[in-house]
Amino acid sequence: MENWPGETKISGSDLMGRIYHQVNNLGVEVRYEEVESIEKVEGFRVKTDEAEYSCGAIIIATGTEPRRLSGKQ
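Residues numbered from 1 in each chain as written. Predicted model: local features only at pLDDT ≥ 70, side-chain atom pairs only at ≥ 80, totals over all residues. Heavy atoms only, no water.

Chemist: Help me understand the overall build of the protein chain in this model?
Modeler: Helix and strand content of the protein chain: one helix and five strands. Starting at the N terminus and walking to the C terminus, you meet the elements of the protein chain as β-β-α-β-β-β. Scaling as 2.2 N^0.38, a compact globule of 73 residues should have a C-alpha radius of gyration of about 11 Å, whereas the protein chain reaches 17 Å, well beyond that. Counting the 73 residues in the protein chain, one finds 8% classified as buried. (Helix = DSSP H or I, 4+ residues; strand = E, 2+ residues; numbered from the N terminus. Rg over C-alpha atoms; globule rule 2.2 N^0.38 Å. Buried < 20%, exposed > 50% of the residue type's maximum accessible area, 1.4 Å probe, protein only.)

Written out as structure tokens, the structure reads:
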């Protein structure tokens, strides 16, 4: 990633590591669950394979793999 606040260039995995350590230091509980559904109802309702959550915002981070443009080296 380039031109991210506070960084001129950082890899996605390094950025996620920094975010994880920041929220961990703040006492935020991080959960790894498989999302089954998301509904837009006065915010969002997220159902996972383990529980159901309500929230005001959702960040979808699907990841990516770099690919070259056709004809470019």
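Chemist: Whenever I open this one, the packing of aromatic side chains confuses me. Can you help?
Modeler: Aromatic ring pairs are defined here through the distance separating the ring centres and the angle between the ring planes. According to the stated counting rule, one finds zero aromatic pairs in the structure shown. One residue, lysine 40, lies across the ring of phenylalanine 44, its end atom 4.9 Å from the ring centre. (Phe/Tyr/Trp six-rings, centres within 6.5 Å; stacked < 30°, edge-to-face > 60°. Lys NZ or Arg CZ within 6 Å of the ring centre and 35° of its normal.)

Chemist: I'm lost on the pairing of strand β3 (residues 35–40) in this one. Help?
Modeler: Two faces, one strand: in a regular strand the side chains alternate between the faces of the sheet. One ladder, built from five bridges, connects β3 with strand β4 (residues 44–48); its direction is antiparallel. Looking at β4, one finds that valine 35 is bridged to threonine 48. Where β3 folds back onto β4 in an antiparallel hairpin, the turn is made up of three residues, including glutamate 42, whose phi is positive at roughly 45 degrees. (Pairing = 2+ DSSP bridges.)

Chemist: Quick question: what am I supposed to make of a nonpolar patch on the surface here?
Modeler: Taken together, Tyr20, Leu26, Val28, Val30 and Tyr32 make up a surface patch of nonpolar side chains, about 540 Å² in accessible area. Position of valine 30 relative to the elements: it lies in the loop between α1 (12–25) and β3. (Patch = residues over 30% accessible without salt bridge, like charges linked within 9 Å, V, L, I, M, F, W, Y side chains within 5 Å. Areas by Shrake-Rupley, 256 points an atom, 1.4 Å probe, with all protein chains shown as cover. Salt bridge = Lys/Arg side-chain N within 4 Å of Asp/Glu carboxyl O.)

Chemist: I'm lost on the sheet that holds β4 in this one. Help?
Modeler: Sheet strands line up and pair through hydrogen bonds in the backbone, either parallel or antiparallel. The strand order across the open sheet formed by three strands is β3-β4-β5, and the pairing between neighbours is antiparallel. Taken across any chain shown, the strands that pair with only one partner, and hence form the sheet edges, are β3 and β5 (52–55). Taken pair by pair, the neighbouring strands of this sheet meet at an average axis angle of 20 degrees, ignoring direction. (Axes fitted to C-alpha atoms, helices over the stretch in contact; angles between N-to-C directions.)

Chemist: Looking at this structure, how should I read the pattern of salt bridges?
Modeler: One side chain can pair with another of opposite charge once the charged atoms of both are near each other. On inspection of all chains with the given rule, the structure shows five salt bridges. Residues joined by salt bridges that share partners form a network here, namely Glu39, Arg45, Lys47 and Glu52.

Chemist: Whenever I open this one, the pairing of β4 confuses me. Can you help?
Modeler: In this structure, β4 lies alongside β5, joined through four bridges in antiparallel fashion. Within the sheet, the bridge partner assigned to lysine 47 lies in β5 and is glutamate 52. Between β4 and β5, which pair antiparallel one after the other, the connecting turn spans three residues.

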